[in-house]
Amino acid sequence: MTDPLLKGDPAGSRWEKIPTVLFPDPEAAARAAAAEIAALIRRREAAGERTVLGLATGSTPIGVYRELVRLHKEEGLSFRHVTTFNLDEYYPMAPQAVQSYRRFMEEHLFSRIDIPRAQTHVPDGTLAGGDVAAHCAAYERAIAEAGGIDLQLLGIGRTGHVGFNEPGSLRRSVTRLITLDPVTRRDAAPAFAGEQAVPRRAITMGLRTILGARRILLLAFGTHKAAVVRAAVEGDVSPALPASFLQEHENAVAVLDTEAAAELSRVKTPWLAGALADLGLSWDFPTLRRAVLWLAGQRKKPILKLTDEDYNEGGLQELLAEHGSAYEINLHVFRAQQRTITGWPGGKPNRENEVFPKRVLVFSPRPDDAAAAMGGTLSRLVTQGHEVHIAYQTSGSLGVSDTAARRFVDTAQEAAPGPAWDAFRQALDGKKDETDSPQVLALKALLRRGEARAEARFTGLPEDRLHFLNLPFYETGTVNKQPLGEADVAPLAALLSQLQPHQVYLSGGLADPHGTCRLSFEALRRAWERVRGEAWMEKAALWLYGGSGRVWEAHEIDLAVPLSPGELLHKRTALFLHETQRERMLHLEAPPEDSARDVARLYDRLGLAEYEAIETFARWRP
């Protein structure tokens, strides 16, 4: 048998119990996974054999399916002799519903390739309760009769689930009806416009079924997967973390982007692997800073209290030997971390060679993203006299529930009766398959725009400095987005060229590889490339704020803006002006201001000044 294209990296073999391959971004990882699937199909077809694929849904495999479609259309990859079995389906769930995994597969793969529909299998979410057990048994028989699964594609949930095998699932489990974990339902809430609408149950292949595949590719992209990936790849095998059972499979590989790999030992603490030179690394200052801040956390000491013994016992003998003194290392890192703190994010007036006031352009993927991540800094920039502009990249209409839209229509209709409000009500009442009509989308976008204006007024920002871009990739009426195109990039490039800002703030919340924040970031990156040669760019400062599941670690922070208790209250109040988002905020694991408080506590533990809260930024270097 030909060796798989994806093999584990020997650099991680000291810790990683599942062979693991790292890629710079989700797109590169998806192409590699698709290449292996294509090679398998072609190899088996050449031998006169059929291929059986186990397929996954969710945002993670979208890039794989996109590349398989490209290979089919451009390079003649045929799926005529391929049989597929999907991992799972919500229960109950109609196949035409927007959230249906059958519909997902049709839209992303099946309808775009030459696979006969009779050869595609997705669990049936429409069955009566008494028929589910027999259906699950039949699903198992169909897999066996097809010869078993040749290659299984998997994602991983934050609970460690694969398929919908939630914590507590046993190694011997087979296809069955299960109850979803609350975290899984919370993560699925955006697709259902609220957690309350997410089904409580699902039909899923079992762990024994999954582990019966001859080859398994576990894909994970984004920062929100980093912790669970490390636990599954490096931790103990346990039913509490179902993905850890992949350690027992002789032909499984984890395929990660750099964000999902961030917590792996060889990425987070490469100095523990031995000499850095053997890994192609050196003790440059970013690595030194990261190591010292990590050591301070491990030893639970402020930076300036670390001793030679701490360095030796913490596995940093090489660093200590190279620099000779814990004190000198500590001082170097302490001063660098201290320099990140500033109460003047736009710079101070009357400073030599300093432009003041500055033109500041803040990009917000959705109308409330900037407020949640950097609301205090935004207010500080306005108060200190800078010319601040906010560019809302998408309308945010998909984040408005039908309940919120209907409440607005009822109020408006009572205040000013008329046929227009009747039409909106009919559009909401006649909604099919959970897809918003253009009319409903327009109404929901109007609500988000009004909330953004209210926040701006509260912050003291003139309305003519608000830019509603409504990028079309987002305007689908469903949680699934369109691929980025020229119409998404051109308005961003035009706004940059028009304003020529001295400072740019943009979201670095890249948790979901196909979510709004990451796509908004990618559109902006392309726009930046387009205007790269313009003279104003040479001196523009570019800052990434966190958010959408992304919190900067201490060594990543380049700018830390402290907030007083009053400023934190101002931020919370401004965020609550986004009224349609209050229901979503109630279901957050922690309020947005908690991460700013956590950073303040971190700086305090490191021996730096003590603040109520700190908003943090990383410098963007395109």
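Below, the structure is looked at part by part. (Residues numbered from 1 in each chain as written. Predicted model: local features only at pLDDT ≥ 70, side-chain atom pairs only at ≥ 80, totals over all residues. Heavy atoms only, no water.)

1. Focus: the overall build of the protein
Then step 1. Across its full length, the protein carries 21 helices and 17 strands.
Then step 2. Whereas a compact globule of 622 residues would reach a radius of gyration of roughly 25 Å, the protein reaches 26 Å, a difference of no more than 12%.
Then step 3. Projected onto its principal axes, the C-alpha positions of the protein cover 75 × 75 × 45 Å.
Then step 4. The buried share of the protein, reckoned over its 622 residues, is 54%.
Then step 5. Residue pairs in contact within the protein that sit at least 24 positions apart in sequence constitute 77% of those at least 6 positions apart.
Then step 6. Of the roughly 26200 Å² that the protein leaves accessible, carbon and sulfur atoms contribute 51%. (Helix = DSSP H or I, 4+ residues; strand = E, 2+ residues; numbered from the N terminus. Rg over C-alpha atoms; globule rule 2.2 N^0.38 Å. Buried < 20%, exposed > 50% of the residue type's maximum accessible area, 1.4 Å probe, protein only. Contact = heavy atoms within 4.5 Å. Areas by Shrake-Rupley, 256 points an atom, 1.4 Å probe, with all protein chains shown as cover.)

2. Brief notes about the pairing of strand β3 (residues 82–86)
Then step 1. Burial analysis of β3 places five of its five residues in the buried class, which makes it a mostly covered element.
Then step 2. Here β3 shows a buried face lined by V82, T84 and N86 and a second buried face lined by T83 and F85.
Then step 3. One ladder, built from five bridges, connects strand β2 (residues 51–55) with β3; its direction is parallel. Directly across from G54, in β3, lies its bridge partner F85.
Then step 4. Note on the crossover from β2 through helix α2 (residues 62–75) to β3: the handedness is right-handed.
Then step 5. Taken together, the two bridges between β3 and strand β5 (residues 120–121) define a ladder with parallel strand orientation. Directly across from T84, in β5, lies its bridge partner T120. (Pairing = 2+ DSSP bridges. Right-handed = clockwise from strand over helix to strand, strands pointing away.)

3. Focus: the pairing of strand β8 (residues 201–204)
Then step 1. As judged from the four bridges shared by strand β4 (residues 88–91) and β8, these two strands associate in the antiparallel manner. Across the sheet, residue Y90 finds its bridge partner in β8, namely A202.
Then step 2. In this sheet, β8 lies alongside strand β7 (residues 176–179) in antiparallel orientation, the contact comprising four bridges. By the bridge assignment for β8, R176 is matched with T204.

4. Quick look at the packing of α2 against helix α3 (residues 101–108)
Then step 1. Contact geometry of α2 with α3 gives a least axis separation of 10 Å together with a crossing angle of 40°. Classed by the angle they form, the pair α2 and α3 counts as oblique. Between α2, through I62, Y65 and V69, and α3, the contact on the second element is made entirely by F104, M105 and H108. (Axes fitted to C-alpha atoms, helices over the stretch in contact; angles between N-to-C directions. Parallel < 35°, antiparallel > 145°, perpendicular 65-115°, else oblique.)

5. Section: the sheet that holds strand β12 (residues 387–392)
Then step 1. Strand order in the open sheet formed by seven strands is β13-β12-β11-β14-β15-β17-β16, with mixed pairing between adjacent strands. Each edge of the sheet is formed by a strand with only one pairing partner; in this case those strands are β13 (466–468) and β16 (559–563). Within this sheet the neighbouring strands show an average axis-to-axis angle of 25°, counted without direction.
Then step 2. Sheet analysis places β16 next to strand β17 (residues 613–619), joined by five bridges and oriented antiparallel. The partner of L563 across the bridge, within β17, is A613.
Then step 3. Of the strands in this sheet, β11 (359–364), β14 (503–507) and β15 (541–545) touch helix α18 (residues 516–530), which is tilted by about 145° from β14.
Then step 4. The strands touched by helix α19 (residues 565–576) are β16 and β17; relative to β16, the strand with the most contacts, the crossing angle is about 95°.

6. Here we look at helix α4 (residues 132–145)
Then step 1. With 14 residues, α4 should cover 20 Å at 1.5 Å per step; its first-to-last C-alpha distance of 20 Å lies within 8% of that length.
Then step 2. Among the residues making up α4, those that are buried are V132, H135, C136, Y139 and I143. Looking straight down α4, one finds its buried side chains confined to an arc of 100°; they lie on one side. Seen from the buried face of α4, the exposed residues on the opposite side, beyond 90 degrees, are A133, A134, A144 and E145.
Then step 3. Where the residues of α4 are buried, they touch β3, β4, β5, β7, β8 and α6 (207–211).
Then step 4. G147 lies just past α4 and shows a positive phi near 100°. (Expected span 1.5 Å × (residues − 1). Arc of directions from axis to C-beta.)

7. Some words on the packing of α19 against helix α21 (residues 592–605)
Then step 1. Direction vectors running N to C along α19 and α21 enclose 155°, while the axes themselves pass 10 Å from each other. Taken as axis vectors, α19 and α21 run roughly antiparallel relative to one another. Between α19 and α21 lies a crossing whose hand is right-handed. Residues L568, R572 and L575 of α19 form the contact with α21, whose own contacting residues are P592, E593 and R597. (Left-handed = near helix turned anticlockwise from the far one by under 90°.)

8. A word on the packing of aromatic side chains
Then step 1. Counted under the stated rule, the structure contains 15 aromatic pairs.
Then step 2. Put simply, the rings of Y90, Y101, F164 and F192 touch in pairs and so form one group of aromatic residues.
Then step 3. A cation over an aromatic ring shows up here: R449 above the ring of F468, its NZ or CZ 4.6 Å from the ring centre. (Phe/Tyr/Trp six-rings, centres within 6.5 Å; stacked < 30°, edge-to-face > 60°. Lys NZ or Arg CZ within 6 Å of the ring centre and 35° of its normal.)

9. A closer look at the environment of A146
Then step 1. Relative to the helices and strands, A146 is located in the loop between α4 and β6 (151–154).
Then step 2. Judged by relative accessible area, A146 falls into the partly exposed class, the value being 33%.
Then step 3. Not counting residues up to four positions away in its chain, the partners in contact with A146 are V52 and F85.

10. Thoughts on helix α15 (residues 419–429)
Then step 1. Where α15 is concerned, the buried positions are W421, F424, A427 and L428. For α15, the angular spread of the buried residues around the axis is 120°, confining them to a single face. Across from the buried face of α15, at angles greater than 90 degrees, the exposed residues are P419, Q426 and D429.

11. Points about the nonpolar core
Then step 1. With 63 residues, the main nonpolar core has V292, Y311, L316, L319, F363 and L496 as its most contacted residues.
Then step 2. It is helix α9 (residues 285–299) that contributes the most residues to this core, seven residues altogether.
Then step 3. Apart from residues lying up to four places away in sequence, L496 is in contact with L361, F363, P501, V504, L524, A527, W528, V531 and W536.
Then step 4. Within the second largest apolar cluster, 37 residues are counted, among which are F23, I41, L55 and L77. (Core = buried A, V, L, I, M, F, W, Y, C linked by side-chain atoms within 4.5 Å.)

12. Looking at the environment of T340
Then step 1. Secondary-structure assignment places T340 in the loop between α12 (326–339) and β11.
Then step 2. Given the relative accessible area of 4%, T340 is considered buried.
Then step 3. For the pair formed by T340 and L398, sequence separation is 58 residues and the distance between their alpha carbons is 36 Å.
Then step 4. If we skip the residues at most four places from it in the chain, T340 touches R289, I557, D558, L559, A560 and Y603.

13. Some points on the side chain of S507
Then step 1. Relative to the elements of secondary structure, S507 occurs in strand β14.
Then step 2. On the accessibility criterion, S507 (4% relative accessible area) is buried.
Then step 3. Not counting residues within four places of it along the chain, the set of residues in contact with S507 comprises F363, P365, C517, F521, L544, Y545 and G546.

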